[in-house]
Amino acid sequence: NPPNIPANGVSQWIVTLRNQNPTPITTTSNFVQSLNAASISLVPNVDISGSCPGKTKLANGFSIANNTVLPVGDCTIILSVTGATPGLYTQNRPRG
């Protein structure tokens, strides 16, 4: 997963969800995250991967279903991304 995507190259969008509770937690609503950079998109025909349960690939992001049990510690969601404009793309989402 190169940190910079070359023009029309492929990199990975890796999302880490962190549960710092001593026990697993259950989501109480659907969690949806979309790419916020208009110049990058998900690679078609490449499935979502990673260790988080309940994940689904969407047209330009992913979701985690309501009532998904997230394990203690970290789990990941991995999607392949591409873009016509080379560069470094970051995306942050506040806790909550």
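Just so it is clear, the model here is predicted, and its values are computed rather than measured.

Participant: Let's hear about the state of the cysteines: which residues, and what values?
Facilitator: Simply put, disulfide is the name for a covalent bond between the sulfur atoms of two cysteines. One pass over the structure, following the stated rule, counts 1 disulfide. The side chain of Cys 52 participates in a disulfide bridge whose partner is Cys 75; the two sulfur atoms lie 2.0 Å from each other. Its S-S torsion of approximately 90° makes the covalent link between Cys 52 and Cys 75 right-handed. Residue Cys 52 is found in the loop between β5 (40–42) and β6 (55–58), and its partner Cys 75 is found in strand β9 (residues 73–83); the two are separated by 23 residues along the sequence. The same class applies to Cys 52 and to Cys 75, which are both buried.

Participant: Describe the packing of aromatic side chains, listing the residues and the values that go with them.
Facilitator: Counted by the stated rule, this structure contains 2 aromatic pairs. Ring geometry for Phe 31 versus Phe 62: centroids 6.0 Å apart, planes at 45°, classification tilted. Of this pair, Phe 31 sits in strand β4 (residues 31–34) while Phe 62 sits in strand β7 (residues 61–64); the two residues are 31 residues apart in sequence, bridging distant segments of the chain. A relative accessible area of 0% means that Phe 62 is categorised as buried. Aromatic rings pair up to connect Trp 13, Phe 31 and Phe 62 into one cluster.

Participant: Let's hear about the sheet that holds β9: which residues, and what values?
Facilitator: One open sheet holds the 3 strands; their spatial order is β2-β9-β5, and the pairing between them is antiparallel. The outermost strands of the open sheet, each flanked by one partner alone, are β2 (9–19) and β5. Ignoring strand direction, the axes of neighbouring strands in this sheet form an average angle of 45°.

What counts, and where the lines are drawn
Residues numbered from 1 in each chain as written. Predicted model: local features only at pLDDT ≥ 70, side-chain atom pairs only at ≥ 80, totals over all residues. Heavy atoms only, no water. Disulfide = S-S within 2.5 Å. Helix = DSSP H or I, 4+ residues; strand = E, 2+ residues; numbered from the N terminus. Buried < 20%, exposed > 50% of the residue type's maximum accessible area, 1.4 Å probe, protein only. Phe/Tyr/Trp six-rings, centres within 6.5 Å; stacked < 30°, edge-to-face > 60°. Pairing = 2+ DSSP bridges. Axes fitted to C-alpha atoms, helices over the stretch in contact; angles between N-to-C directions.

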